[in-house]
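Examination of the molecular architecture
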Amino acid sequence: MSQLIPKNKYTFILGCLTTAGTVIADAAGAHKHEWPAWKKINHATASRYGMIGGVGIIISSLVSRTVVPAALIFGGTLCFSGSLFYKNFTDRDDVRKVTPIGGGLYILGWASLAFL
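Let us look at the structure shown here. The numbering scheme is per chain: residues are counted from 1 as the chain's sequence reads. With the structure being a predicted model, the display of local features is reserved for residues of pLDDT at least 70 and the display and counting of side-chain atom pairs for 80 or more, all residues being used for whole-chain, interface and lining totals. Side-chain measures were taken over the full set of non-hydrogen atoms in the model, leaving aside hydrogen atoms and water.

It is possible for side chains of opposite charge to pair when their charged atoms get near one another. Take a side-chain nitrogen of Lys or Arg and a carboxyl oxygen of Asp or Glu: if they are within 4 Å of each other, that pair is a salt bridge. Counted by the stated rule, this structure contains four salt bridges. For Lys87, the salt bridge is made with Asp93, and the minimal N-O distance between the two is 3.4 Å. The exposure class assigned to Lys87 is partly exposed, which follows from its relative accessible area of 25%. Overall, the relative accessible area of 33% leaves Asp93 in the partly exposed class. Whether a residue is buried, partly exposed or exposed follows from its accessible area with a 1.4 Å probe, protein chains only, as a fraction of its type maximum: under 20%, in between, or over 50%, in that order.

Before going further, it helps to examine the layout of surface pockets. Two kinds of site are reported from a 1 Å grid over the protein atoms alone, namely cavities, where a 1.4 Å probe fits but cannot get out, and pockets, open sets with protein on both sides within 12 Å along at least five of seven lines, and residues are called lining when an atom falls within 4 Å of a point. Grid points are joined across faces, edges and corners, and a volume is the space filled by probe spheres set on the points. Considering only enclosed or pocket space, the largest pocket measures out at about 160 Å³ in volume. If you trace the largest pocket, you find it lined by Thr18, Gly21, Thr22, Ala25, Phe74, Thr77, Leu78, Ser81, Gly82 and Phe85. For the lining of the largest pocket, the secondary structure elements donating two or more residues are helix H1 (9-30) and helix H3 (68-90). Ranked by the residues each element gives to the lining of the largest pocket, the list is headed by H3, at six residues. Polar here means any residue outside two lists: the nonpolar Ala, Val, Leu, Ile, Met, Phe, Trp, Tyr, Cys and Pro, and the charged Asp, Glu, Lys and Arg; Gly therefore counts as polar. Residue composition of the lining of the largest pocket, by class: four nonpolar, six polar and no charged. Numbered from the N terminus, helices here are DSSP runs of H or I no shorter than four residues, and strands are runs of E no shorter than two.

Moving on, we come to the packing of H3 against helix H4 (residues 98-115). To get an axis, a line is fitted to the C-alpha atoms, and for a helix only the part in contact is used. The angle between two axes follows their N-to-C directions and goes from 0 to 180 degrees. Closest axis-to-axis distance for the H3/H4 pair is 7 Å, and the angle between their directions is 155°. Considered as vectors, H3 and H4 are oriented roughly antiparallel to each other. Considering only the axes of H3 and H4, their crossing is left-handed. Contact residues: Val68, Pro69, Leu72, Ile73, Gly75, Gly76, Thr77, Cys79, Phe80, Ser83 and Leu84 in H3; Val98, Thr99, Gly102, Gly103, Leu105, Tyr106, Leu108, Gly109, Trp110, Ser112 and Leu113 in H4. Broken down by class, the residue content of the contact of H3 with H4 amounts to 13 nonpolar, nine polar and no charged. Angle categories are assigned with fixed cut-offs, so that under 35 degrees is roughly parallel, over 145 is roughly antiparallel, 65 to 115 is roughly perpendicular, and the rest are oblique. Crossing chirality is assigned from the near helix's rotation relative to the far helix, an anticlockwise turn below a right angle marking it left-handed and a clockwise turn marking it right-handed. Working rule for contacts: check all heavy atoms of both residues, and any pair within 4.5 Å makes them a contact.

Structure (structure tokens):
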């Protein structure tokens, strides 16, 4: 039976920390029972994409010799999920323009994983 050995240890660590950070943010938001429905939906979306992004970075560390897919997925996760978490926890809307940029980076990261 073969072992899964990361091609890039630091990318693997980044993926694990991204996933752990998402769990922490998700747990913090789960205790906000007073949040209106739109915040709960934003939070669920940020958590879902944060976890998928973390797992994507881990997958990238296992199959890609370059850090490009992981960097794009991380940037996308940080911008997309991070901006949603930020808005929920601070009630500030000053980073809303970053959200679609994160989505674009996220898409590019996953697409680049297929080719790099």
